[in-house]
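# Structure at a glance
So you can see what is in the structure, the chains are spelled out below.
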Amino acid sequence: MSIKLFVMTHKPFTPPADPMYVPLHVGRANAPDLGFLGDNTKDSISFYNAYFCELTGMYWLWKNYHESDFIGICHYRRYLINENGSIFTESQLKKLLSGYDIITTKLLTLTCSYEQGFKQNHHRKDLLTTGRILKEKYPEYAKTFDQLIRGPHTYFGNIFITSKKNYDLYCSWLFDILFEVQKHTDFTGYNNYQKRLFGFLSELLQTVWIKQNKLRAFECKVGMIGEKYETKKLREELAFFFEKRDYEGAEKCFLDCYRKRPDVLMEASDTTGELHLCMQIISTCSFEDELYHRCILDSIRDYDGLIAHFHQLNTAVTHFLANSLSKRDSSFLKHNNDITPISIEISVKMFCKDESLQKEASEKICSLIL
């Protein structure tokens, strides 16, 4: 049993030392050479990477790679990990694959139906087109598709390991659907994020394929290594505006990025949670300036200091709400002159969803700083 895991990338990175992991440069036809194996030779759709994302690499492997019994897909920042939090070794995978048809991510549970979640950041018409074409080509999949778009569950990331036989069957089915959807899709007015349509659709279709074919799936966690370039760049830009006491400039910068990349706040992008804290900083500054004609940026402007301050504030608030306020929390609240009633109110609203309790909790915490 031979296994190769292909690490999809469009940026330079340091691959795992294990030779089982092979970097594959997706979208190589449109980009400078990174020095890795590319998806732009022989039978290829590399030119369509802006629309298909990692699927251009998946297509290339389907058509051109036939050297392993088992094949896997992961990303330069996302890897399937074992119970110890490490990437899998070949021996570990061989043991698992002897009892399962596919290894993939934990089934994601959304806070709404898949259809509702999709239309928040994409165009619902494309999901409907996909459903119509799937039902025309593969009517036996119709019930499973309808159940999944109305439910809250999906696999994510196009991250999985399976036999090359299963992989080829899946790709034949997947691309038959997506290429037909492509013929019926007008991308006029789509931003760059929305243009990555087929990468997003394929996450749902992978779930449909697994469920419909009753594959024995071993679900495991995804480990994040490093952070996205876009996330790092946005943090650096926000730090620049904070240093200048320009929270309005920071807000515009953030919103401009969010419009282009609504995934920037997702857990897979904001791995440290700092971008969520930056939103809180911006909101707090705006209200403080309006109410007190001063704000936290008059005292703290360096990025790390701001993040530390708001992290500690949120920790104290959550501990208070859980009736577990520590001496450290109390000392921070009592002796920090940069804490304002509105900053507490904003923090409380983030962690207490019961509106009837928000005012009472805010007033009690504020009594500790007066």
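Residues numbered from 1 in each chain as written. Predicted model: local features only at pLDDT ≥ 70, side-chain atom pairs only at ≥ 80, totals over all residues. Heavy atoms only, no water.

If you walk through the whole model with that rule in mind, you get 27 aromatic pairs. Seen in terms of ring centroids, Tyr-138 and Tyr-141 are 6.1 Å apart; in terms of plane orientation they differ by 80 degrees. Their pairing is edge-to-face. Exposure class is identical for Tyr-138 and Tyr-141. Each is buried. Look at Phe-175 and Phe-179: their rings are 5.5 Å apart centre to centre, the planes differ by 35 degrees, and that puts the pair in the tilted class. With Phe-175 and Phe-179 both in helix H7 (residues 164–183) and four residues apart, this pair spans about one turn of that helix. Taking the relative accessible area as the measure of exposure, Phe-175 reaches 1% and is therefore buried. A residue is classified by how much of its surface remains accessible, and Phe-179, at 26% relative accessible area, is partly exposed. In this structure an aromatic cluster arises from ring pairing among Tyr-51, Phe-52, Tyr-59, Trp-62, Phe-175, Phe-179, Phe-187, Tyr-190 and Phe-198. Taking the ring centre of Trp-62 as reference, the NZ or CZ of Lys-63 above it sits at 4.0 Å. (Phe/Tyr/Trp six-rings, centres within 6.5 Å; stacked < 30°, edge-to-face > 60°. Buried < 20%, exposed > 50% of the residue type's maximum accessible area, 1.4 Å probe, protein only. Helix = DSSP H or I, 4+ residues; strand = E, 2+ residues; numbered from the N terminus. Lys NZ or Arg CZ within 6 Å of the ring centre and 35° of its normal.)

Right, let's talk about a nonpolar patch on the surface for a bit. A contiguous nonpolar surface patch, about 280 Å² in accessible area, is contributed by Phe-287, Leu-291 and Tyr-292. The residue Phe-287 is located in helix H12 (residues 274–292) in this model. (Patch = residues over 30% accessible without salt bridge, like charges linked within 9 Å, V, L, I, M, F, W, Y side chains within 5 Å. Areas by Shrake-Rupley, 256 points an atom, 1.4 Å probe, with all protein chains shown as cover. Salt bridge = Lys/Arg side-chain N within 4 Å of Asp/Glu carboxyl O.)

The subject of this paragraph is the pairing of strand E1 (residues 3–9). Most of E1 sits inside the fold, with six of its seven residues counted as buried. Here E1 pairs with strand E4 (residues 70–75) via six bridges, running parallel. In the strand pairing of E4, Met-8 is matched with His-75. Alignment of E1 against strand E2 (residues 21–25), held across five bridges, turns out to be parallel. Bridging from a neighbouring strand, Leu-5 pairs with Tyr-21 of E2. (Pairing = 2+ DSSP bridges.)

This part covers the layout of surface pockets. Considering only enclosed or pocket space, the second largest pocket measures out at about 310 Å³ in volume. Considering the residues around the second largest pocket, the lining is formed by 14 residues, among which Asn-82, Glu-83, Phe-88, Leu-96 and Phe-218 are closest to the centre. Where the lining of the second largest pocket is concerned, the elements lending two or more residues are helix H3 (90–97) and strand E10 (217–220). (1 Å grid on protein atoms, 1.4 Å probe; cavity = no way out; pocket = protein on both sides within 12 Å on 5 of 7 lines; lining within 4 Å. Points joined across faces, edges and corners; volume = space filled by probe spheres on them.)

On to the state of the cysteines. Applying the stated rule across the entire model yields zero disulfides. Cys-171 forms no disulfide, and the closest cysteine sulfur to it belongs to Cys-53, at a distance of 15 Å. Judged by relative accessible area, which is 0%, Cys-171 ranks as buried. (Disulfide = S-S within 2.5 Å.)

What follows concerns unusual backbone geometry. Even without a glycine there, the phi angle at Lys-42 is positive, about 50 degrees. Mapped onto the elements of the fold, Lys-42 is located in the loop between strand E3 (37–38) and helix H1 (49–52). Here Lys-42 falls in the exposed class, since its relative accessible area comes to 74%. At His-293, a position not held by glycine, the phi torsion is positive, near 60 degrees. Tracing the sequence through the fold places His-293 in the loop between H12 and helix H13 (303–321).

Here we come to the environment of Lys-137. Looking at the secondary structure, you find Lys-137 in helix H5 (residues 124–137). Among the residues examined, Lys-137 registers a relative accessible area of 33% and is labelled partly exposed. In this structure the C-alpha to C-alpha distance between Lys-137 and Phe-254, which are 117 residues apart in sequence, comes to 42 Å. At 3.2 Å, the side chain of Lys-137 forms a polar contact with the side chain of Asp-176. (Polar contact = N/O pair within 3.5 Å; in protein donor to acceptor, adjacent residues only side chain to side chain.)

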